[in-house]
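Tertiary structure, described
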Amino acid sequence: MAAAMEMSEADQIKTFKDFLVQYNKLSELCFNDCVHDFTSRTLRSTEEKCILNCMDKYLRTNQRVSQRFHEFQMIANENMMALAQKSGNPS
Amino acid sequence: MMSDMYNRLVGACHRKCIPIKYYEPELGKGESVCLDRCVAKYLDVHERIGKKLSNMSQGETEDLTKINLQDKK
């Protein structure tokens, strides 16, 4: 029980770490792509809009890539299973 | 290891398919199709390189065993 709790805590820390890495990456990407003008201290409304769109688009990109990635993985797994069955019992 | 590959995949396809002008939050049709193809191609490249590498290392181990056998003679 204690081991399971500890495990989940380690998992939680890992998830949080992954989240922070993603968060930093997203900030860097959208900052680099959207903010070019340093004549004022505050974000312009166009920059703000760009950043929000950038974030949304990146998340949608990630979602779509993840869908396709899993489809390909499923197909690869099925092929492996078929191959294993074929070589397992030669008829 | 797999998640490293996945993160690189997302990074590469985002860089190649999404223009840096963020006028709208949705993915456009062209962008979506580009992403689909990008994933397919990336995984194809990944597989080919994996095969090539494993062939190379197999060839190397074969060469090594040959050399070892010759040394013994």
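Residues numbered from 1 in each chain as written. Chains lettered and ligands numbered in written order. Predicted model: local features only at pLDDT ≥ 70, side-chain atom pairs only at ≥ 80, totals over all residues. Heavy atoms only, no water.

Operational definition: UniProt positions are given in the numbering used here, feature names are shortened, and annotations may be inferred rather than shown by experiment.
Looking at an unreviewed UniProt entry, chain B carries the name Mitochondrial import inner membrane translocase subunit, with the source organism given as Leptosia nina. The record in UniProt for chain B states the following under Sequence similarities (unreviewed entry): "Belongs to the small Tim family."

Chain A goes by Mitochondrial import inner membrane translocase subunit in an unreviewed UniProt entry, where it is assigned to Leptosia nina. Under the UniProt heading Subunit (unreviewed entry), the entry covering chain A gives this text: "Heterohexamer." Quoted verbatim from the Sequence similarities (unreviewed entry) field of the UniProt record, the comment on chain A reads "Belongs to the small Tim family."

1. Some thoughts on helix 2 (residues 45-88) of chain A
Keep this limit in mind: A run of H or I in DSSP counts as a helix once it spans at least four residues, and a run of E counts as a strand once it spans at least two, with each numbered from the N terminus. Between the first and last residue of a helix there are one fewer steps than residues, each counted as 1.5 Å, and that sum is the expected span. Note on exposure labels: buried denotes an accessible area under 20% of the residue type's maximum, exposed denotes more than 50%, and partly exposed covers the range between, all computed with a 1.4 Å probe on protein chains only.
The terminal C-alpha atoms of helix 2 of chain A lie 64 Å apart, and with 44 residues this matches the ideal 64 Å at 1.5 Å per residue to within 8%. Regarding helix 2 of chain A, the residues found buried are E47(A), C50(A), N53(A), C54(A), K57(A), Y58(A), T61(A), N62(A), V65(A), R68(A) and F69(A).

2. Some remarks on the side chain of N53(A)
We count it as follows: Definition of a polar contact: a pair of N or O atoms within 3.5 Å, with one able to donate and the other able to accept a hydrogen when the atoms are protein atoms, and with sequence-neighbouring residues admitted only if both atoms are side-chain atoms. By the convention used here, residues are in contact when the closest approach between their heavy atoms is within 4.5 Å.
Inspection of the secondary structure assignment puts N53(A) in helix 2. Owing to a relative accessible area of 5%, N53(A) belongs among the buried residues under this scheme. A polar side-chain atom of N53(A) sits 3.2 Å from the main-chain carbonyl oxygen of Y23(B). Once residues within four sequence positions are removed from consideration, N53(A) is found in contact with Y22(B), Y23(B), E24(B) and P25(B).

3. Notes on the layout of surface pockets
A probe matching the size of a water molecule, rolled over the atoms, marks out where space remains unfilled. Under the convention used in this document: Here a cavity is any set of points on a 1 Å grid over the protein atoms alone where a 1.4 Å probe fits but cannot get out, and a pocket is any open set with protein on both sides within 12 Å along at least 5 of 7 lines; a residue lines the site when it has an atom within 4 Å of a point. Grid points are joined across faces, edges and corners, and a volume is the space filled by probe spheres set on the points. Three residue categories are used. Nonpolar comprises Ala, Val, Leu, Ile, Met, Phe, Trp, Tyr, Cys and Pro, charged comprises Asp, Glu, Lys and Arg, and polar comprises the others, including Gly.
Of the voids in this model, the largest pocket is the one considered here, and its volume is about 390 Å³. Taken together, 13 residues make up the lining of the largest pocket; nearest its centre are F72(A), Q73(A), A76(A), L43(B) and E47(B). Those elements giving two or more residues to the lining of the largest pocket turn out to be helix 2 of chain A together with helix 1 (2-17) and helix 2 (29-72) of chain B. Each residue belonging to the lining of the largest pocket can be placed in one class, and the counts come to 8 nonpolar, 2 polar and 3 charged.

4. Some points on the nonpolar core
For clarity, the cut-off: Among the buried residues, those of types Ala, Val, Leu, Ile, Met, Phe, Trp, Tyr and Cys that are joined through side-chain atoms within 4.5 Å form a nonpolar core.
Judged by nonpolar contacts, the single largest core of 22 residues is most densely connected at C34(A), V65(A), F69(A), Y6(B), L9(B), Y22(B) and L35(B). Those elements that provide at least two residues to this core are helix 1 (2-34) and helix 2 of chain A together with helix 1 and helix 2 of chain B. A per-element tally of this core places helix 1 of chain B first, with 6 residues. Not counting the four nearest positions on each side in its chain, F69(A) is found in contact with M2(B), M5(B), Y6(B), L9(B), V39(B) and L43(B).

5. A closer look at the packing of helix 1 of chain B against helix 2 of chain B
Residues and elements named next belong to chain B. Going by this rule: Orientation is described by axes fitted as lines to C-alpha atoms, over the contacting stretch for helices, and by angles from 0 to 180 degrees between their N-to-C directions. Orientation categories follow fixed angle ranges, with anything under 35 degrees roughly parallel, anything over 145 roughly antiparallel, 65 to 115 roughly perpendicular, and all other angles oblique. In this scheme, a crossing is called left-handed if the near helix is turned counterclockwise away from the far one by less than a right angle; it is called right-handed if the turn is clockwise.
Viewed as axis vectors pointing N to C, helix 1 and helix 2 meet at an angle of 135°, and their least axial separation amounts to 9 Å. One finds that helix 1 runs oblique with respect to helix 2. As helix 1 packs across helix 2, the resulting crossing turns out to be right-handed. Contacts between helix 1 and helix 2 involve M5, R8, L9, A12, C13, K16 and C17 from the former and E31, C34, L35, C38, V39, Y42, L43 and H46 from the latter.

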